[in-house]
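Residues per chain, in single letters:
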Amino acid sequence: MKNESTVINVPAESSSAMKGKAPLIGVAKDHTTSGSGGYKRGLSIFDFLLRLAAIIAASVAAGTMFTSDETLPFFTQFLQFEAGYDDLPTYQFFVIAMSIVSGYLLLSLPIPVVTIVRPLATAPRLLLLVLDTAALAFNMAAASSAAAISYLAHNGNQNTNWLPICQQFGDFCLKSSGAVVSSFVAVVFFTILVVLSGVALKRH
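None of these values were measured; they are calculated from a predicted model.

A. Representation of the overall build of the protein. Along its length, the protein carries 6 helices and 2 strands. Its helices and strands in sequence order give the protein the pattern α-α-β-β-α-α-α-α, from N to C terminus. Within the span of the protein, comprising 204 residues, buried residues form 33% of the whole. Summing over all exposed atoms, the protein offers an accessible surface of approximately 12,700 Å²; the carbon and sulfur share of this is 69%.

What follows is the structure, given as structure tokens:
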């Protein structure tokens, strides 16, 4: 009788209750993580689309400037009047710089794909932030210097006796000015890309 009195009956509900509480904590944690991952995945998709648009803008800028040559219909026995991007070192730098920017944007496309697959990864976003900032500065330098030359081509400079050439070379000035505008559109896209990377890293 004494042995029987020492038996302690453990309720079956206590073990099941303990087992039932653990999954609830895990589910709440997974829900929060998935919400953050979905937000970052959306930013990565937008980043990818912006890069495609920036590739188009930068390629159009480089291609338009490269094909901006114009030859006037009249010429003499010894002279032929023509204008091209290779006559101006600033425009040469513009074509090279925008070509490099286009190549960089094309090569950077796989990185946003990685962040779409792994939205919580930090290293790819940090790499894009650094590289995009450098490319933004390079793009801005090319666009600003070309814009200054385009202004002189349209208006000249009376203090230095630089005459405007756009009255004679209208097609050349039209194409070169369009290339400059397209390069500034690429600058806007780059700025948004840098902001997106910063926002994604801040919310990590």
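From this point, the narrative continues.
B. Spotlight on a negative patch on the surface. Residues Asp69, Glu82, Asp86 and Asp87 make up a contiguous surface patch of negative charge. Turning to its location among the elements, Asp87 is positioned in the loop between strand 2 (80-83) and helix 3 (89-107). Judged by relative accessible area, which is 47%, Asp87 ranks as partly exposed.

C. Summary view of helix 4 (residues 110-117). For helix 4, the set of buried residues is Ile111, Pro112 and Thr115. For helix 4, the angular spread of the buried residues around the axis is 95 degrees, confining them to a single face.

D. Structural context of empty space enclosed by the protein. Enumeration over the complete set of coordinates arrives at 1 cavity of 30 Å³ or more. Residue lining of the largest cavity: Leu43, Ser44, Asp47, Pro112, Thr115, Arg125, Leu128, Leu196, Ser197 and Ala200, and that is the complete set. At the level of elements, helix 2 (12-66), helix 4, helix 5 (123-155) and helix 6 (170-202) are the ones that each hand at least two residues to the lining of the largest cavity. Broken down by class, the residue content of the lining of the largest cavity amounts to 5 nonpolar, 3 polar and 2 charged.

E. Region of the structure containing the pattern of salt bridges. Within this structure, the stated rule accounts for 2 salt bridges. Between Arg51 and Asp47 there is a salt bridge, with the nearest N and O atoms lying 2.7 Å from each other. One end of the pair is Arg51 and the other is Asp47, both in helix 2 and 4 residues apart, which spans about a single turn. Here Arg51 matches Asp47 in class, with each residue buried. Put simply, Asp47, Arg51 and Asp132 are held in one network by salt bridges that share partners.

What counts, and at which threshold
Residues numbered from 1 in each chain as written. Predicted model: local features only at pLDDT ≥ 70, side-chain atom pairs only at ≥ 80, totals over all residues. Heavy atoms only, no water. Helix = DSSP H or I, 4+ residues; strand = E, 2+ residues; numbered from the N terminus. Buried < 20%, exposed > 50% of the residue type's maximum accessible area, 1.4 Å probe, protein only. Areas by Shrake-Rupley, 256 points an atom, 1.4 Å probe, with all protein chains shown as cover. Patch = residues over 30% accessible without salt bridge, like charges linked within 9 Å, V, L, I, M, F, W, Y side chains within 5 Å. Salt bridge = Lys/Arg side-chain N within 4 Å of Asp/Glu carboxyl O. Lys, Arg positive; Asp, Glu negative; His and termini not counted. Charge placed at Lys NZ, Arg CZ, Asp CG, Glu CD. Arc of directions from axis to C-beta. 1 Å grid on protein atoms, 1.4 Å probe; cavity = no way out; pocket = protein on both sides within 12 Å on 5 of 7 lines; lining within 4 Å. Points joined across faces, edges and corners; volume = space filled by probe spheres on them. Nonpolar A, V, L, I, M, F, W, Y, C, P; charged D, E, K, R; others polar.

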